Amino acid sequence: MNISGTQSDAYDFKQARLGIIGGSGLYRIENLKDIVELSLDTPYGKPSNKLLIGNLFGIEIVFLARHGEKHTLNPSEIPYKANIWAMRSLNVRWLISASAVGSLKENIKPCDIVIPDQFIDRTHQRPLTFFNNGVVAHISMANPFCDILSQILSKEIEKLLTKDKKMHIGGTYLAMEGPAFSTRAESNLYRDWGCSIIGMTNHTEARLAKEAEIAYSSLSMVTDYDCWNQNCENVSVEMVIENLQENANFAKSIISAVAKRVSSLRPPSSFHSALKDALVTPEEHVPEKTKSKIKLFTDKYWH
Ligand SMILES: CSC[C@H]1O[C@H](OP(=O)(O)O)[C@H](O)[C@@H]1O
Ligand SMILES: Nc1ncnc2[nH]cnc12
């Protein structure tokens, strides 16, 4: 397994890897073969945890537990830039993010699955970009999730659904700062905005993944009705955890099926060239220190 020098073959999609970020309740995936554990350091510090690289149905998978293996990082403390940089440095070009979310719509029930296609950002202390400190880039966020990867995800999920579990394709993920859950007024406001689900992590990853030219999709697993639904108890950690175990087992089956599919298709995505036409600052005006941090993303355009 080639775990070093991966940057040189960064554009060889035959060698590209599928990344999985596990959220609340998903701290490991068991059926990886030939696992190698990597402790990486990045220009943005250490990732949330060791990265696990292993083989699943013919494709190399890179797995990372976003809150750390023992869930020690709250959503504001997650080193998002280090996580995404680490993924890209290991030649991850497709990334599925598994997350626990609250439902903001009656018909989206606990234990259902949602594949969101939009988000609204209500966070206020998250990194928004790799492109600062002397370099400016404006990528398009019109489509924050990769529709090609999301389609693969939803097709595989469809085959695994049982009678009591529904999948909802599309929907807006409301990203809140946390760690406290929303007030009822906020929850109702987000419903008025037409949002489908609420969580604390996905949008930050989505933005950075797109800048890193990684196709990114969210596997959002519903654990609760947040606090707007007066017929149900308000969301609590106890409630989330109760539904997480079932969701996590289902997520593992989905990940296996998707790995098989991505391994055979190795689908190209517009995300793989998201930086094309986005870089504003001429290379010669970018400070060397900044350049070396983002080289992983810009090499393709600046040589
Ligand atoms: C444990 S409930 C709140 C927690 O769950 C979600 O985590 P993740 O997106 O990592 O699955 C939510 O964003 C909060 O971090
Ligand atoms: N109701 C909720 N709000 C924010 N994040 C969540 N994760 C799971 N349920 C949630």
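The structure contained in this document is the topic of the report that follows. Since the structure is predicted, the reported quantities are computational estimates derived from the model, not experimental observations.

1. So, the site of ligand 1
Inference 1: Near ligand 1 you find G23, S24, R66, H67, P75, S99, A100, F181, G199, M200, T201 and V240, and these make up its full shell.
Inference 2: S24 has a polar side-chain atom sitting 2.9 Å from an oxygen atom of ligand 1.
Inference 3: The separation between an oxygen atom of ligand 1 and a polar side-chain atom of S99 is 3.0 Å.
Inference 4: Considered on its own, ligand 1 offers 390 Å² of accessible surface; in the complex 90% of this is hidden by protein.
Inference 5: When the residues that make up the shell around ligand 1 are grouped by side-chain class, the tally is five nonpolar, six polar and one charged.

2. Some thoughts on the site of ligand 2
Inference 1: In the neighbourhood of ligand 2, the contacting residues comprise A100, V101, G102, M176, F181, I198, G199, M200, T223, D224, D226 and V235.
Inference 2: Here a nitrogen atom of ligand 2 sits 3.3 Å away from a polar atom, N or O, in the main chain of A100.
Inference 3: The contact in question runs from a nitrogen atom of ligand 2 to an N or O atom on the side chain of D224, over 2.7 Å.
Inference 4: In isolation ligand 2 has 260 Å² of accessible area, and contact with the protein removes 94% of it.
Inference 5: Elements that contribute at least two residues to the shell around ligand 2 include exactly β5 (92-103), β10 (197-199) and β11 (215-224).

3. Quick look at the environment of I294
Inference 1: Its location among the elements puts I294 in helix α6 (residues 288-302).
Inference 2: For I294, a relative accessible area of 1% corresponds to the buried category.
Inference 3: Taking the C-alpha atoms as reference points, I294 and S103, separated by 191 residues in sequence, lie 37 Å from one another.
Inference 4: Every residue in contact with I294, bar those within four places of it in the chain, is listed here: Y44, F130, F131, V135 and W302.

What counts, and where the lines are drawn
- Residues numbered from 1 in each chain as written.
- Chains lettered and ligands numbered in written order.
- Predicted model: local features only at pLDDT ≥ 70, side-chain atom pairs only at ≥ 80, totals over all residues.
- Heavy atoms only, no water.
- Near = heavy atom within 4 Å.
- Polar contact = N/O pair within 3.5 Å; in protein donor to acceptor, adjacent residues only side chain to side chain.
- Areas by Shrake-Rupley, 256 points an atom, 1.4 Å probe, with all protein chains shown as cover.
- Nonpolar A, V, L, I, M, F, W, Y, C, P; charged D, E, K, R; others polar.
- Helix = DSSP H or I, 4+ residues; strand = E, 2+ residues; numbered from the N terminus.
- Buried < 20%, exposed > 50% of the residue type's maximum accessible area, 1.4 Å probe, protein only.
- Contact = heavy atoms within 4.5 Å.

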